[in-house]
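A structural walkthrough
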Amino acid sequence: MRYCTSLETFPSVINLRSLKTLNFSDCSNLMKCPEIAKNIVYVNLKGTAIEELPKSTGHLSDLITLDLKDYKRISNLLESICLLKSLVTINLSGCSDITRIPNVSGKVRFLYLSETTIEEIPSSIGSLSRLSCLDLTNCKRLKNLPCDVSKLASFEKLILSGCTRITRIPVDRFEVLRKLYLNDCSILNEPNAIGFLFSLEALDLSGNLFSEIPQNILQLENLEYLGLRDCLQLRLIPAVPPRLTKLDAENCISLRSVTSKSTGVEGNIF
């Protein structure tokens, strides 16, 4: 039923026992969600005007994906989410009322919390052993990540873009991290520990305030993309990693020297 912007009401009970997917995304005038069958595995209520989830939500033992992006009345739903033990993907991006991360199933692999008002990540995140992707884009109140993130053995993608209050990132602890986005974080000094993220394939440091990047970036033998655009104080880029194929240094107005031994690097410079 997605994009049915004129839809205001729906039958209160859906007795479709074989139904697996319920998608009301962008039904902006829908005020009430029907009771949901227990066998449902995918629920998308993104951009609706629903004020609360039905009581049946806490009993969705097979639910794998819950998408509540831009759901403005999320604060009263966190306890229901705690009961969903099969969840793999949770999207709470744009839910501006969220101030804390709810306790979620240990099966969660993808957790999207961009543009929420979260101030800290609880140490309990270390128990999410299957977590692969954490998106905290534009969480302006977020201060730091706990050291317990080092326990995330499956952690492959971390997005902290626009998290301007971040002062400490325990990046040296992410042994299998493949993608790291730290653009527009107001970082003054790039952490030397980044050079020890040997699995890293994509690194975006665009829009930060450092004047040079450390030489140990050469240790990132798997790095293919390096984003440095709009780093207005960046003066020097040392020799790039051997597998780098894309270097984006557009609008680095202070850049005076680029040392590269790799003839395969493409991208924007100056």
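Here is a short report on the structure shown in this document. Please read these numbers as outputs of a predicted model, since none were measured by experiment. (Residues numbered from 1 in each chain as written. Predicted model: local features only at pLDDT ≥ 70, side-chain atom pairs only at ≥ 80, totals over all residues. Heavy atoms only, no water.)

Below, the discussion takes up the environment of Ile118. Relative to the elements of secondary structure, Ile118 occurs in the loop between strand 5 (110–112) and strand 6 (133–135). On the basis of relative accessibility, which here comes to 0%, the residue Ile118 falls in the buried class. Along the sequence, Ile118 and Cys139 sit 21 residues apart, while their C-alpha atoms lie 6.5 Å from each other. Among residues more than four places away in sequence, those in contact with Ile118 are Ile98, Thr99, Arg100, Ile101, Leu113, Arg141 and Leu142. (Helix = DSSP H or I, 4+ residues; strand = E, 2+ residues; numbered from the N terminus. Buried < 20%, exposed > 50% of the residue type's maximum accessible area, 1.4 Å probe, protein only. Contact = heavy atoms within 4.5 Å.)

Let us now look at the pattern of salt bridges. As a working rule, side chains carrying opposite charge can pair if their charged atoms are close by. Per the counting criterion, the structure on display carries five salt bridges. Put simply, Glu156 and Arg178 hold a salt bridge, and the shortest N to O gap is 3.5 Å. Linking Glu156 in the loop between strand 6 and strand 7 (157–159) with Arg178 in the loop between strand 7 and strand 8 (179–181), this pair joins segments that are 22 residues apart in sequence. Classification of Glu156 as partly exposed rests on a relative accessible area of 31%. For Arg178, a relative accessible area of 29% corresponds to the partly exposed category. Between Asp248 and Arg229 there is a salt bridge; the shortest N-O distance is 3.8 Å. Placement of the pair is Asp248 in strand 12 (residues 246–249) and Arg229 in the loop between strand 10 (225–227) and strand 11 (236–237), with a sequence separation of 19 residues. Given the relative accessible area of 26%, Arg229 is considered partly exposed. (Salt bridge = Lys/Arg side-chain N within 4 Å of Asp/Glu carboxyl O.)

We now examine the nonpolar core. Residues Leu136 and Leu228 are the most contacted members of the largest nonpolar core, which totals 75 residues. The two domains that each donate at least three residues to this core are domain 1 (1–118) and domain 2 (163–269). In this structure Leu136 touches Leu113, Ser114, Ile121, Leu142, Leu145, Ile159, Leu160, Ser161 and Cys163, once residues within four positions along its chain are discounted. (Core = buried A, V, L, I, M, F, W, Y, C linked by side-chain atoms within 4.5 Å. Domains from an automatic or database assignment.)

Take the environment of Asp67 next. Structurally, Asp67 can be placed in strand 3 (residues 65–67). Judged by relative accessible area, which is 12%, Asp67 ranks as buried. Sequence-wise, Asp67 and Ile159 are 92 residues apart; in three dimensions their C-alpha atoms are separated by 18 Å. Within the local environment of Asp67, its side chain forms a polar contact with the backbone nitrogen of Lys69, the two atoms lying 3.1 Å apart. (Polar contact = N/O pair within 3.5 Å; in protein donor to acceptor, adjacent residues only side chain to side chain.)

Unusually for a residue other than glycine, Asp26 sits at a positive phi of about 65°. With respect to the element layout, Asp26 can be found in the loop between strand 1 (21–23) and strand 2 (42–44). You will see that Asn251, though not glycine, has its phi angle at about 65°, which is positive. Its place among the elements puts Asn251 in the loop between strand 12 and strand 13 (257–258). Overall, the relative accessible area of 36% leaves Asn251 in the partly exposed class.

One way to see where empty space is left: roll a probe the size of a water molecule over the atoms. One number sums up the size of the largest pocket: a volume of about 190 Å³. Lining of the largest pocket is provided by Ser12, Met31, Lys32, Cys33, Pro34, Glu35, Glu52, Leu53, Pro54 and Lys55. (1 Å grid on protein atoms, 1.4 Å probe; cavity = no way out; pocket = protein on both sides within 12 Å on 5 of 7 lines; lining within 4 Å. Points joined across faces, edges and corners; volume = space filled by probe spheres on them.)

Summed over all chains, the structure comprises zero disulfides. Not part of a disulfide, Cys95 finds its nearest cysteine sulfur in Cys139, a span of 11 Å. As a non-bridged cysteine, Cys163 has Cys139 as the owner of its nearest cysteine sulfur, 5.1 Å distant. Under the relative-accessibility criterion, Cys163 is labelled buried at 0%. (Disulfide = S-S within 2.5 Å.)

The geometry of two aromatic rings is summed up by the distance between their centres and the angle between their planes. Under the criterion given, the structure shown has two aromatic pairs. Ring geometry for Phe10 and Phe24: centres 5.1 Å apart, planes at 75°, overall edge-to-face. On the criterion of sequence distance, the pair formed by Phe10 in the segment before strand 1 and Phe24 in the loop between strand 1 and strand 2 is long-range, its members being 14 residues apart. For Phe10, a relative accessible area of 30% gives the class partly exposed. A residue is classified by how much of its surface remains accessible, and Phe24, at 0% relative accessible area, is buried. Seen in terms of ring centroids, Phe196 and Phe198 are 6.2 Å apart; in terms of plane orientation they differ by 80°. Their pairing is edge-to-face. (Phe/Tyr/Trp six-rings, centres within 6.5 Å; stacked < 30°, edge-to-face > 60°.)

Here the focus is the side chain of Asn91. Topologically, Asn91 is positioned in strand 4 (residues 89–91). You can call Asn91 buried: its relative accessible area is 14%. For Asn91, the residues in contact, after removing those within four places along its chain, are Leu66, Asp67, Leu68, Lys69 and Tyr112.

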